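Chains, contacts and geometry: an overview
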Amino acid sequence: MATLTHETAVLRARDIADRVLAPAAGSNDKAGRFSTEAVHSLGDSGLLGLILPADVGGSGLGPRTFAAVTATLAEADASVAMVYLMHILGAATMLAARPSTAQAVTPILKKIAVGRHLSTLAFSEAGSRSHFWTPISRARRNGSGVRISAKKSWVTSAGYAQSYVVSSLAPDGVGPTDSTLYLLPAETRGLSVAGAWDGLGLRANASAPVALDDCEVPLSFQLTDDCAGFQAMLNVVLPLFNLGTASVALGLCRAAVADTTAHLKSARFEHLGQSLGESLPTLRAQLAAMQIDTDGLSARIDDLIEHLEKPRETTMLRVLETKAAGGDVAISVTSTAMRICGGAAFSKHMSIERLFRDAHAGAVMAPTGDVLREFIAKALLGMPLF
Ligand SMILES: Cc1cc2nc3c(=O)[nH]c(=O)nc-3n(C[C@H](O)[C@H](O)[C@H](O)COP(=O)(O)OP(=O)(O)OC[C@H]3O[C@@H](n4cnc5c(N)ncnc54)[C@H](O)[C@@H]3O)c2cc1C
């Protein structure tokens, strides 16, 4: 598969967004249908292997391209963008796995690079809810490997991913964050999708619960050292997850601005001989506010990317701030779009209400907006975060 550059990756994402995602986003949302066609297209285009190095067949691209691709997909279908985001995080965690896993994990990375393997994260548990950094489940020793039983409460791409990056307390862990990360292939005995996904938004991304019932995990699939899961969550997962969810938010905002602009141009007061946009300054002012907030989020994301490319003291603060801001901005911009587009949006004559529902997912996906604000303020005050 040809190696992608930043430009070709974004062009391919745009092509898939226009050709595959946009025509089906509305009906998939309505039916709560996971788009396997989207995943195949992402695989064929090389985008599933975006961040993997050339030696396993990937394109070796970084956060800048990941953010641009994710935002582009989200403009057409945020459900697919979230599937993509969780996959990239699964791939990043495998890539950062300890060297002793290479023999088992490298063939999977090669499959990802040729577009034939979708991964995801299974962190959140019913018992600790959004506090994913403190799993309730505890792995039990089983020879050199472990056995895991857990109730994973929401797992994007559940039932469609070929592998799950799973957190569990280490067998001998002492504290509540002493977790370890493991890779569970979808065919692992005891792993099952434990319910349906019928969310308010992101309805087409199969974020269903997954049950792990005494699943056997060999040592070769233990991705981190014992008790080193928490560090991997903080250093590998959190920066990309927060960047990715902010990018999904940006895509949603851009789509809301575009759809609202089109509506203001096309909807007319025939009795006045004017379009809505020509007629009402209040709607124009609200549209302008949407644009200002969208570009503000874009600048914030660029700033985070620069911090990730050149890490410095303020990088973690930016990681926390950008997801919190992305969630709030997406809700605000899509809410304004709902108001501007009035009854037409409310009665689902346009895609604005899907964007509005999808926008509400970012703030509740952990770390939630509330938790991020807690962490930011505690960091400023010099208080311990955990
Ligand atoms: C569409 C979707 C996809 C998802 N995909 C995945 C996935 O692929 N993998 C995965 O592991 N998880 C996934 N999740 C789970 C997600 O990350 C959260 O764990 C989940 O949404 C938390 O919901 P809850 O009801 O358990 O939250 P709760 O923990 O019950 O939170 C309830 C409220 O309390 C607030 N709150 C909680 N703790 C604090 C605090 N310390 N300070 C202030 N306020 C606080 C929250 O912000 C929230 O408003 C997904 C969730 C959704 C909605």
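In short, a report on the structure. If you're wondering where the values come from, they're calculated on a predicted model, not measured in any experiment.

What to know about the overall build of the protein
Of regular secondary structure, the protein possesses 11 helices and nine strands. Relative to a compact globule of 386 residues, whose C-alpha radius of gyration would be 21 Å, the protein shows 21 Å and is just as compact. Along the three orthogonal principal directions, the C-alpha set of the protein runs to about 80 × 50 × 40 Å. Out of the 386 residues in the protein, the part that is buried amounts to 55%.

Details of the site of the ligand
Around the ligand sit 21 residues, and of these Ser 124, Arg 129, Ser 130, Thr 368 and Asp 370 come closest. Backbone polar atom of Val 364 to an oxygen atom of the ligand: 2.9 Å apart, as the coordinates give it. The separation between an oxygen atom of the ligand and a polar main-chain atom of Ala 366 is 2.8 Å. Here the ligand, which alone exposes 990 Å², has 74% of that area covered by the protein. Taken atom by atom, the bulk of the ligand overlaps the largest pocket.

Some thoughts on the sheet that holds strand S3 (residues 145-155)
In spatial order, the strands read S2-S3-S7-S6; together these four strands make up an open sheet with antiparallel pairing. A strand with exactly one partner marks an edge of an open sheet, and here the two such strands are strand S2 (140-142) and strand S6 (191-193). Strand after strand, the sheet turns through a mean of 20° between neighbouring axes, direction not considered. Summarising the sheet, S3 and strand S7 (residues 208-217) pair through seven bridges and their orientation is antiparallel. Counted as the bridge partner of Ala 150 is Leu 212 from S7.

As for empty space enclosed by the protein
The final tally for this structure, using the stated rule, is two cavities of 30 Å³ or more. Of the pockets and cavities examined, the largest cavity occupies roughly 100 Å³. Thr 245, Val 248, Ala 249, Ala 359 and Gly 362 are, among the 15 residues lining the largest cavity, the residues nearest its centre. Listing elements by their share of the lining of the largest cavity, those giving two or more residues are helix H6 (229-266), helix H9 (315-346) and helix H10 (352-364). It is H6 that provides the largest number of residues to the lining of the largest cavity, a total of five residues. When grouped by side-chain class, the residues that make up the lining of the largest cavity number nine nonpolar, four polar and two charged. Forming the walls of the second largest cavity are Phe 34, Ser 35, Val 39, Ser 79, Val 80, Val 83 and Ala 204. If one sorts the elements of the lining of the second largest cavity by residue count, helix H4 (residues 78-95) sits on top with three residues. Residues that form the lining of the second largest cavity fall into these classes: five nonpolar, two polar and no charged.

Brief notes about the layout of surface pockets
Size it by volume and the largest pocket reaches roughly 650 Å³. Looking at the largest pocket, it is lined by 27 residues, and the ones nearest its centre are Ser 124, Trp 154, Val 364, Met 365 and Ala 366. The set of elements that each furnish at least two residues to the lining of the largest pocket consists of S3, H6 and H10. Broken down by element, the residue count for the lining of the largest pocket peaks at four residues, all from H10. Within the lining of the largest pocket, the residues separate by chemical class into 17 nonpolar, eight polar and two charged. For the second largest pocket, the calculated volume is near 200 Å³. Together, Gly 26, Asp 29, Lys 30, Arg 203, Lys 348, Met 350, Ser 351, Glu 353, Arg 354 and Arg 357 line the second largest pocket. The residue inventory of the lining of the second largest pocket, partitioned by class, reads one nonpolar, two polar and seven charged.

Calculation criteria
Numbering of residues starts from 1 in every chain and runs along the sequence as written. The predicted origin of the model limits local features to residues at a pLDDT of at least 70 and limits the giving and counting of side-chain atom pairs to 80 or more, whereas totals for whole chains, interfaces and linings rest on all residues. By convention in this description, side-chain values take in all heavy atoms of the structure and omit both hydrogens and water. The way it works is that DSSP assigns letters per residue, a run of H or I at least four long becomes a helix, a run of E at least two long becomes a strand, and they are numbered from the N terminus. For the radius of gyration, the atoms used are the C-alpha atoms, and the globule rule reads 2.2 Å times the number of residues raised to 0.38. Burial classification: accessible surface area is computed with a 1.4 Å probe over protein chains only, and a residue below 20% of its type maximum counts as buried, one above 50% as exposed, and the rest as partly exposed. If a single non-hydrogen atom of a residue is within 4 Å of a molecule or strand, that residue counts as near it. Whenever a nitrogen or oxygen atom comes within 3.5 Å of another N or O atom, the pair is scored as a polar contact, on the condition that within protein one atom can donate a hydrogen and the other can accept it, and that pairs from neighbouring residues in sequence are kept only if both atoms are in side chains. Each accessible area is a Shrake-Rupley result for a 1.4 Å probe, and residues are judged covered by the shown protein chains and nothing else. In this analysis, the protein atoms alone were mapped onto a 1 Å grid. Cavities are point sets where a 1.4 Å probe fits without being able to get out; pockets are open sets with protein on both sides within 12 Å along at least five of seven lines; lining residues have an atom within 4 Å of a point. Whether a molecule lies in a cavity or pocket depends on its atoms, and more than half of them have to be within 2 Å of the grid points. Should DSSP find at least two bridges between two strands, the strands are regarded as paired. To get an axis, a line is fitted to the C-alpha atoms, and for a helix only the part in contact is used. The angle between two axes follows their N-to-C directions and goes from 0 to 180 degrees. Grid points are joined across faces, edges and corners, and a volume is the space filled by probe spheres set on the points. Residue type decides the class: Asp, Glu, Lys and Arg count as charged, Ala, Val, Leu, Ile, Met, Phe, Trp, Tyr, Cys and Pro as nonpolar, and the leftover types, Gly among them, as polar.

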